[in-house]
Amino acid sequence: MPVLVVHGMPSNSRGGEGVIERLARDDEVVAVDLPGFNGPAPAGWVPIKENYVDWLIAQIEALAARGGPVHLVGHDWGCLLTLRAASLRPELLRTVTAGNGPIDEHWPYHALWESWNPSGAGERFMDELLTPDCAERMLRGAGFPDDHAGRTLWATPEGRQLTLTLYRSAIGIGRQWAPDLARIVIPSLLIWGLRDMIVPVEIGRRMAAKMGAEVATVDAGHFWPYEQPEAVAELLRRHFARADAWPETILTQRVENMLA
């Protein structure tokens, strides 16, 4: 069955390369670039969370049409989007795996998010503090490879503006999306960096309780695709194998009951 990998902020499809290489699957494995994250966004694109969800569902539909139900994997913003897609269109998926992205009613915004929300102040923060050089140093310290840390969304004015627009569209995301986590009835796994100070693992455990997901921690901070690709690939292999062993009729019935 195919696998679709969705990166987070401020990465792009390169963020999943280490994990994908170690999966060594014969099935189709696709790492997408969210619109605007690795080059200019399509003309007329509005970078708000709902548009990214719709775009992702379209990618899943196309992949499922080619190869059947999809194993969906997401990190950071990819976590938010994949879990939202799984709550809306579970019939397209075999499993969902996500981590280090908060869909929680009680989670306070992290420090950068708080700085980005106010109009004007967020723009000044980007221009004066999160300069490309500063962003590159920060991302290297967080585990990004040297050849990637300087080539992310935050390297361009357009990318920094996209960041502001996207995060501002997500104010209240916990209240809006957390109730629908209970609609995720496919086999689900949350992978969390145990040392993440941006979105602590306790958030993941609360999310998992809503969706009946397994929680697996790895010895990493926020960016586990870079820090622990082998450990993550092993968790994915185990998760996929367990789900593939389930009788198809059971999974189909669970999804049909939820959608009814």
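The structure we're discussing is the one just above.
Owing to the predicted nature of the structure, the values given are computational and were not obtained by experimental measurement.

Quick notes on the rules
- Residues numbered from 1 in each chain as written.
- Predicted model: local features only at pLDDT ≥ 70, side-chain atom pairs only at ≥ 80, totals over all residues.
- Heavy atoms only, no water.
- Core = buried A, V, L, I, M, F, W, Y, C linked by side-chain atoms within 4.5 Å.
- Buried < 20%, exposed > 50% of the residue type's maximum accessible area, 1.4 Å probe, protein only.
- Helix = DSSP H or I, 4+ residues; strand = E, 2+ residues; numbered from the N terminus.
- Phe/Tyr/Trp six-rings, centres within 6.5 Å; stacked < 30°, edge-to-face > 60°.
- Pairing = 2+ DSSP bridges.
- Right-handed = clockwise from strand over helix to strand, strands pointing away.
- 1 Å grid on protein atoms, 1.4 Å probe; cavity = no way out; pocket = protein on both sides within 12 Å on 5 of 7 lines; lining within 4 Å.
- Points joined across faces, edges and corners; volume = space filled by probe spheres on them.
- Nonpolar A, V, L, I, M, F, W, Y, C, P; charged D, E, K, R; others polar.

**Student:** In this structure, what is going on with the nonpolar core? I would like to understand it.
**Tutor:** Proteins that are soluble and globular tend to have nonpolar side chains buried together. I60, W77, L83, L190 and M207 are the most contacted members of the largest nonpolar core, which has 65 residues in total. If you tally residues by element for this core, the top one is helix α2 (residues 49-67), at eight residues.

**Student:** Hey, could you run me through the packing of aromatic side chains in this one?
**Tutor:** A ring pair, where both rings are aromatic, is described by two values, the distance of the centres and the angle of the planes. The tally for this structure, following the rule as stated, stands at nine aromatic pairs. Judged by centre distance (6.0 Å) and plane angle (55°), the rings of W107 and W113 are tilted. Residue W107 is classed as buried on the basis of its relative accessible area of 12%. An aromatic cluster is present here, built from W77, W107, W113, W116, W154 and Y167 joined pairwise through their rings.

**Student:** I'm lost on unusual backbone geometry in this one. Help?
**Tutor:** With the exception of glycine, the majority of residues adopt a negative phi angle, and the majority of peptide bonds are in the trans configuration. With an omega dihedral of 0°, the bond running from M9 to P10 counts as a cis peptide bond. One can find P10 in the loop between β1 (3-6) and α1 (17-23).

**Student:** What's the story with the pairing of strand β2 (residues 29-32) in this structure? I'm lost.
**Tutor:** Residues in a regular strand project their side chains so that they alternate between the two faces of the sheet. Sheet topology note: the β1/β2 ladder contains four bridges and is parallel. Note on β2: the bridge partner recorded for V6 is V32. Regarding the hand of the β-α-β motif, the stretch spanning β1, α1 and β2 is right-handed.

**Student:** Even after reading the chapter, I still don't get the layout of surface pockets, so can you show me in this structure?
**Tutor:** Rolling a probe over the atoms, with the probe sized like a water molecule, indicates the empty space that remains. When its volume is computed, the largest pocket comes out at roughly 370 Å³. The wall of the largest pocket is formed by 27 residues, among which D76, L112, I198, H222 and F223 lie closest to the centre. When contributions to the lining of the largest pocket are tallied by element, the ones reaching two or more residues are α3 (77-88), α4 (111-116) and α6 (132-141). Considering each element in turn, the lining of the largest pocket owes the most residues, four residues, to α4. Partitioned by chemical class, the residues of the lining of the largest pocket number 19 nonpolar, five polar and three charged. Lining the second largest pocket are 17 residues, and of these G36, F37, N38, G39 and T156 sit closest to its centre.

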